[in-house]
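# Coordinate analysis (summary)
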Amino acid sequence: MEIFWISTRGETFDPSDGHVWFSPIIPRDGNELLKCQNVYMDLFSELNVESPITPFSHPRSWMYRAFCFMLAFHNSRTDREYNLKVRQAYRAMVKVAAQNGWGDYRAAPTFQDDVMGAYSFNNHALRRFHENLKDHLDPNGILAPGRGGICPKNLRDNRFANNRRDEAILKGDKR
């Protein structure tokens, strides 16, 4: 029954308390797949992070014109330093994906601001468009505030609070 534990909590992973996926969408091309693997392997080495690229991290091919390369990171209920390292790696992976023209398939709420921030064409035109729609359809910012990196007016100044908290922890501030 262990096969059904893949991508879930279970005793086969350490830590086994949960996981977060990073899933860049890459062109459906063998050269691009190898490039993606090499780029991320180099990044994991640079960050001194255990690589989630294994024989089981093959690209998903359910899309006609793209691959979804799903990489799992496990997290812990008790090891804050480990979780901080995972968050730093995820944010670095979002930046690397943007530099290579890859987007993230889906992101956990903690990282949605980072992913939306990667779509920076024309001074973040996509985010500005979404926020304009949100302001008109939900002027009080009640429905899913901040979801998908789209903040209502009253929360925009605090958009990157998670990133600032992580930076403070790195500098030794244990707030």
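Preceding block: the structure.
All figures in this text were calculated on a predicted structure; none of them were measured in a lab.

Thresholds applied
Residues numbered from 1 in each chain as written. Predicted model: local features only at pLDDT ≥ 70, side-chain atom pairs only at ≥ 80, totals over all residues. Heavy atoms only, no water. Core = buried A, V, L, I, M, F, W, Y, C linked by side-chain atoms within 4.5 Å. Buried < 20%, exposed > 50% of the residue type's maximum accessible area, 1.4 Å probe, protein only. Helix = DSSP H or I, 4+ residues; strand = E, 2+ residues; numbered from the N terminus. Contact = heavy atoms within 4.5 Å. Salt bridge = Lys/Arg side-chain N within 4 Å of Asp/Glu carboxyl O.

## Some points on the nonpolar core
Membership of the largest hydrophobic core comes to 26 residues, with the highest contact counts inside it found for Phe22, Tyr40, Phe44, Leu71, Phe73, Tyr90 and Met93. Breaking this core down by element, the ones donating at least two residues are β1 (18-22), α1 (30-47), β4 (66-69), β5 (71-75) and α2 (80-99). With eight residues, α2 is the largest single contributor of residues to this core. Each residue touching Phe73, except ones within four places of it in the same chain, is listed here: Gly18, His19, Val20, Phe44, Val49, Glu50, Pro52, Val86 and Met93.

## Considerations on the pattern of salt bridges
Opposite charge on two side chains lets them pair, provided their charged atoms get close. Counted under the stated rule, the structure contains four salt bridges. One salt bridge connects Asp114 with Arg91, and the closest N-O pair in it is separated by 3.0 Å. Taken together, the residues span a long stretch of sequence, with Asp114 in helix α3 (residues 112-118) and Arg91 in helix α2 at a distance of 23 residues. Ionic pairing is found between Asp138 and Lys134, a salt bridge with its closest N-O pair at 3.0 Å. For the pair Asp138 and Lys134, a shared accessibility class is recorded, and that class is buried. Shared partners join several salt bridges into a network, and the residues in it are Glu131, Asp135 and Arg156.

## Thoughts on the environment of Ile150
Looking at where Ile150 falls in the secondary structure, it is placed in the loop between α4 (121-137) and α5 (161-170). Between the alpha carbons of Ile150 and Phe129 there is a distance of 9.6 Å; along the sequence they are 21 residues apart. Look past the residues within four positions of Ile150 in its chain and what remains in contact with it is Met116, His130, Glu131, Lys134, Ala144 and Pro145.

Note that every value here comes from positions in space, so none of it alone points to a role or purpose.
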